[in-house]
Amino acid sequence: MSTYHRTAAIVSQGDEIVLGQTLDTNSRWLSGRLMDAGVLPVEHVSLPDDRGAIAATLTRLSERVNLIICSGGLGPTADDLTRFALLDVLGGEMVEDEASLAAIRAYFESRGRVMGELNRVQAQRPRAAEMIANPHGTAPGLFARLPSGCEVFCLPGPPREMMPMFESHVRPRLRLEPGRTVVTRSLHTIGLGESEIAARLTRAGDMMARTRNPSIGTTASQSIVSVRMRYEGASAGAAAALDADERAVRDLLGSAVFADGDQTLAAACLARLRERKQTLSVAESCTGGLLGSLITDVAGSSDVFVGGWLTYSNEAKRRDLGVPAALFSESGAAAAPGAVSAEVAAAMAEGARRVSGSSFALSITGIAGPGGAVPGKPVGTVFIGLAGDGFATKIRRFAMSSDRSAVRDWAARAALAMLWFHVVDDTTTRLLREVRLDGSA
Ligand code: AMP
Ligand code: MG
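Residues numbered from 1 in each chain as written. Chains lettered and ligands numbered in written order. Predicted model: local features only at pLDDT ≥ 70, side-chain atom pairs only at ≥ 80, totals over all residues. Heavy atoms only, no water.

## A short note on the overall build of the chain
- Secondary structure assignment for the chain yields 13 helices and 18 strands.
- With the C-alpha coordinates aligned to their principal axes, the bounding extent of the chain is approximately 85 × 55 × 40 Å.
- Each of the 441 residues in the chain was classed as buried or not, and the buried ones make up 50%.
- The contacts of the chain with a sequence gap of at least 6 include a subset with a gap of at least 24, amounting to 68%.
- When the accessible surface of the chain is split by element, carbon and sulfur atoms take 51% of a total near 19500 Å².
- In the chain, the 47 positive side-chain charges and the 48 negative ones have mean positions that sit 4 Å from each other. (Helix = DSSP H or I, 4+ residues; strand = E, 2+ residues; numbered from the N terminus. Buried < 20%, exposed > 50% of the residue type's maximum accessible area, 1.4 Å probe, protein only. Contact = heavy atoms within 4.5 Å. Areas by Shrake-Rupley, 256 points an atom, 1.4 Å probe, with all protein chains shown as cover. Lys, Arg positive; Asp, Glu negative; His and termini not counted. Charge placed at Lys NZ, Arg CZ, Asp CG, Glu CD.)

Written as structure tokens, this is what we have:
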């Protein structure tokens, strides 16, 4: 096995993790920090508080990687079993570590408390292991070298103790191969399905081949598909390889690419409007403020975002935005299109723009469910409007899934997607789940 730490496994421990009661944020954080350092995480394992399972997992992983980082299971109670599992793997006996015992006592005393007998176990370590001081809690960490040569760091579970221990004791002990790096980059897209993206990248020289470096993968989250690139190898080649791939991906996916890194769709839209010195307002119905929330999640949005209306009732749409009463079914007009219609979406967007004086206004009206469906308009029917200067108000209709929260989430992002494609002058891309205005596919 290489003497460098090129790859690592991460083990999170605790019944609460495996049962899904606590989200395993430690593993995510540790993976990020390892990658920043140039070490590639190759496996995450979550285990219950089960001594045998922990020992067996450490043994198995020690044949695959030469670095394992564990979190959790170092507390003082009967379900904290990491030190015992480590003993099972290392052999030998358990010893009480004088310095750690003193440190745990001092930790309690500094808070005006007396150490309980239960905490004494936290000063125990397998004879072959080293203690790692924990200035932020009672649980010291443990370090050991397993028979295969694999190094194991056991860190406390609470993130506010685990993170500083990683920085002060694990990070400096990583054996990094000089000149080697792991670098990731991501591009975020809207409007294209994951399979369409995969097809384009595959046609262009098999860019998603699993053996390729940089490797390229996609992940879809609601309507946004991210293309993730990962380079592993000589530091000197990283930027050129990733730049070339980024250019190729941008060429293949065109205006669907709205951002890179951590930038959101709302942030990308706001940035374009800011460049053009334009402003935005919103008129929401079924999304109940979600669109405004996505926009105001972006720090500094106030120079572009004027504000908006949450017009849930027909009366509010009429009173605040001037939507003609005759458009609503309750008006009694035989051909009234109803609150969820292209006509009302258009009137809402135009009303918002007129009253706020913004350059653009987005509107959303739809049926989030579970009730409210009407003939020809099933749950998930959403109309989105975009009004602005110099073009006829654009309306798109969507047939979204039947889950209330998914409909609302898709609708808010679809509105931003409409704005995005408008500002990048893309008039041809049909959005995901978009249907014709009459509801046909
Ligand atoms: P332990 O070291 O097992 O006593 O862990 C104590 C606490 O740390 C748990 O109650 C969790 O709240 C937190 N914790 C443990 N493991 C994790 C993890 N993988 N991710 C986030 N929090 C964790
Ligand atoms: Mg635990």
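## A closer look at the pattern of salt bridges
- This structure, assessed with the given rule, holds 26 salt bridges.
- Residue D36 is joined to R33 by a salt bridge in which the shortest nitrogen-to-oxygen separation is 3.3 Å. In this pair, D36 and R33 are both assigned in helix α2 (residues 25–37), 3 residues apart and thus about one turn of the helix distant.
- With a relative accessible area of 59%, D36 lands in the exposed category.
- Taken together, the salt bridges that share partners define one network made up of R185, D243, E246, R250 and D260. (Salt bridge = Lys/Arg side-chain N within 4 Å of Asp/Glu carboxyl O.)

## Brief notes about the environment of A256
- Tracing the backbone through its elements, the reader meets A256 in the loop between α8 (235–253) and β12 (257–260).
- Taking the C-alpha atoms as reference points, A256 and L146, separated by 110 residues in sequence, lie 49 Å from one another.
- If sequence neighbours within four positions are ignored, A256 has contacts with H188, T189, I190, L192 and F421.

## What to know about the packing of aromatic side chains
- A complete count under the given rule lists 5 aromatic pairs for this structure.
- Aromatic pair Y107 and F108: ring centres 6.3 Å apart, planes at 90°, arrangement edge-to-face. When sorted by exposure, Y107 lands in the same class as F108, which is buried.
- Centre to centre, the rings of F258 and W420 are 6.4 Å apart; their planes meet at 70°, and the pair counts as edge-to-face. Of this pair, F258 sits in strand β12 while W420 sits in helix α13 (residues 404–423), and the two are 162 residues apart along the sequence.
- The cationic tip of R173 hangs over the ring face of F143; the distance from NZ or CZ to the ring centre is 4.1 Å.
- The ring centre of F391 lies 5.5 Å from the NZ or CZ of K394, which sits over that ring. (Phe/Tyr/Trp six-rings, centres within 6.5 Å; stacked < 30°, edge-to-face > 60°. Lys NZ or Arg CZ within 6 Å of the ring centre and 35° of its normal.)

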